[in-house]
Structure formats: C-alpha cells, structure tokens
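Coordinates in review
Listed here are the chains, written in short residue letters.
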Amino acid sequence: MTLILALDFGGTKLAAAIANVGSRQWLRCERRFSPRNANASSDLEMMRELIHFLLQSAKPAAIGVSFGGPVDATTGTVRLSHHVCGWENIRLKDLLEAEFGVFVSVDNDANVAALGEHRFGAGQGYESLFYITVSTGVGGGWILNGKPWRGVGGMAGEIGHMVVDPSGPMCLCGKRGCVERLASGVYMARDVREMLENEPQRRRERREGEILRDLVGGNLELVTGRVVSEAAGLGDELAEQILYRGAWGLGVGIGNVANLMNPQRFVLGGSVTKAGERWWEVVRKTARETALPEVDLEIVPAALGDDAPLWGAVALAQSTLISS
C-alpha cells in the first residue's frame, strides 16, 4: 500500500500520523505538547522524533503539512507563527523534501482542516463551507465550488482578525477587539489571570473566580483555556463571563461572514468548541441575530475533531501524488 505522512504544527501542540492512500483509519498517530518556551527549532526537532517513531524503517510516498500560521502554499514557506517564535520565512516544504526525499505540500492549518472536513468529515457533499478553528488562535478556511480558496495572497479566511469590538482589548496583530482576541483559549486564559490578579483581595471577598482558583490549586499560571471552559461549566461566573464573551465575538464574526459570502455550512473545530452546549448556544444565537433574516445559517461541529488538520494533510499529500 502507498503510505501518506500527515503533520500538524499547532501553536501549543504537534501531531503526526500515517495512513494508507484511500484508508479512513490511521495506522499510527502521535501527539506531543510543545514546551512553554518552544521555538521553530524545538518544534522541528520534536516533529522529527514523532516522524521517525511513526515511520520506523518505512518511507512515505508524500507528506502533507498543516501549519498554525500564515503560509505561502505555492512555495510551502511559513511566513510566521503568531504563537511560536523563529518561524519567520521558513521554507518548510524545501526542508522536509530535502530530508525525506518525497513530495511535500504545506498550507495554513485552517485551510487544511477545511479540506479535511470537506473530504472526510462534516463537509462531505457540500460545495461551499467555511471551516473555523477555535483553539490557541482563531482561523478560517474556505471551500468554494468544491475546491480550497486561499485568496490572491493566500490570506483568505482570517476571521480571527476580524474586528468585532473596536473598543475591546488589544490583539497581538495590533488591532482591538478581534475575534481571536476574545475567543481563543490563550487569550481567555490571559484575561482570567489578569482579572484575578487585579485587586485580588476584593475579588476574593466577592468570591469571584473561586472555582477557577480551586481548579488550579491557587496557581494562576496553570489557568488555560480548557480550565476556563471547565470552570464555566461548573458555574464560575468570571469564567462564564470570559467564555461567553468569546462566543459572542465569534458569533458576530460568523454572522458577518454569512452576510458576505453565504456558504452552505459553517464547520467549527478546535479545543474551545468543546466548551459545552451553552457556548454553542451563544455562538449560534449571536450569529443568527447578526446575519440578515434572509440568510440561511447552519453551524455544526467538525466531525473529525482534533484530527481535521491531519486528515486535510492527507488530502494535500494525495493531491501531490495525483499531480506528479
């Protein structure tokens, strides 16, 4: 059988998997969390370890790569990562082709996940869909007329940097109130930590964030987006405030995209989408209120879960085999 190697470079984690062409099951799949001080070199070294562990003595026919940041898909060059330093203008395609001697295709994680859901998941049978990943960051990927659509410079789909609250907090991109600044796990965790550190005595007297503090044993450095979601599910009012503010921001973004492009389906994936039914209710309600009444609006969870970028990487790799 022909072997495909799929790689996923995320903002906080790495994943690699191998599958046979035409298969819907992994032969093997491995994931690792990046260290807090990760950089491009450490991510590449960790990914090499995953690859060699999976392949052992085998050789893939092609490699597909999902990367969590802007990518020039025509050259396979990573422009930068917003969350891991040292990735500026790294020619990842060339690097991997030189090392493994096979065709490599690289694209942004949201574009790749959109392709994965279209080919193997919740987008099967749809000619147009917008995939949104809500995790370390927030990104989007388009399928139009059954094919990926990246825009003239490869930057189509960046819903994470759509401004929904001009007076909101400052985003890493330099604008205020972006969808990503409100809705991503990293920023939600940061906001919770800052709020609990601000006037801690008064907040303790009001019992604000009490459940959050208990979940991390009082060590606010351990607060993550997952902890915020868990605390909100347990009724922590501060966690609920931050989580559902993010859901509102995402819903506004989706409603505006629905007005502009009117895709058949919105498919949402990423760790934050596991925050519970109330989170989904806020996203759907806000999107519906933002979109025009005449606009059909369907928002569904990704069928492939965390594997959407990996399966999209399989589809990318298979396309290189077909075209070669």
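As a reminder, the structure under discussion sits directly above these lines.
Let us look at the structure shown here.

Cut-off values and rules
- Residues numbered from 1 in each chain as written.
- Predicted model: local features only at pLDDT ≥ 70, side-chain atom pairs only at ≥ 80, totals over all residues.
- Heavy atoms only, no water.
- Helix = DSSP H or I, 4+ residues; strand = E, 2+ residues; numbered from the N terminus.
- Pairing = 2+ DSSP bridges.
- Axes fitted to C-alpha atoms, helices over the stretch in contact; angles between N-to-C directions.
- Contact = heavy atoms within 4.5 Å.
- Buried < 20%, exposed > 50% of the residue type's maximum accessible area, 1.4 Å probe, protein only.
- 1 Å grid on protein atoms, 1.4 Å probe; cavity = no way out; pocket = protein on both sides within 12 Å on 5 of 7 lines; lining within 4 Å.
- Points joined across faces, edges and corners; volume = space filled by probe spheres on them.
- Nonpolar A, V, L, I, M, F, W, Y, C, P; charged D, E, K, R; others polar.

Looking now at unusual backbone geometry. Note: most residues except glycine have negative phi, and most peptide bonds are trans. Despite not being glycine, Gln 56 shows a phi value in the positive range, around 55°. With respect to the helices and strands, the residue Gln 56 is situated in the loop between α1 (40-55) and β4 (62-67). Phi is positive for Asn 145, which is not a glycine, with a value near 55°. Positionally, Asn 145 belongs in the loop between β9 (138-144) and β10 (147-149).

Here we have 5 strands laid out as an open sheet, ordered β10-β9-β8-β11-β12, and mixed in their pairing. Looking at the sheet topology across the chains shown, the edges are occupied by β10 and β12 (299-301). Sheet twist, expressed as the average angle between the axes of neighbouring strands with direction ignored, equals 30°. In the sheet, β9 pairs with β10 via 3 bridges, with the strands oriented antiparallel. The residue of β10 that forms the bridge with Leu 144 is Lys 147. Relative to the sheet, helix α9 (residues 237-261) contacts β8 (129-134), β9, β11 (265-269) and β12, its axis offset from that of β11 by approximately 150°.

To continue, consider the environment of Glu 180. Summarising the element assignment, Glu 180 is placed in helix α4 (residues 179-183). Under the relative-accessibility criterion, Glu 180 is labelled buried at 5%. Separated by 64 residues in the primary sequence, Glu 180 and Tyr 244 place their C-alpha atoms 13 Å from one another.

In this structure the tally under the stated criterion is 1 cavity of 30 Å³ or more. Its volume calculated, the largest cavity comes out at about 40 Å³. In terms of lining, the largest cavity is formed by Leu 44, Met 47, Arg 48, Ile 51, Leu 95, Leu 96, Glu 99 and Phe 100. Contributions of two or more residues to the lining of the largest cavity are made by α1 and α2 (92-100). Counted by class, the lining of the largest cavity contains 6 nonpolar, no polar and 2 charged residues.

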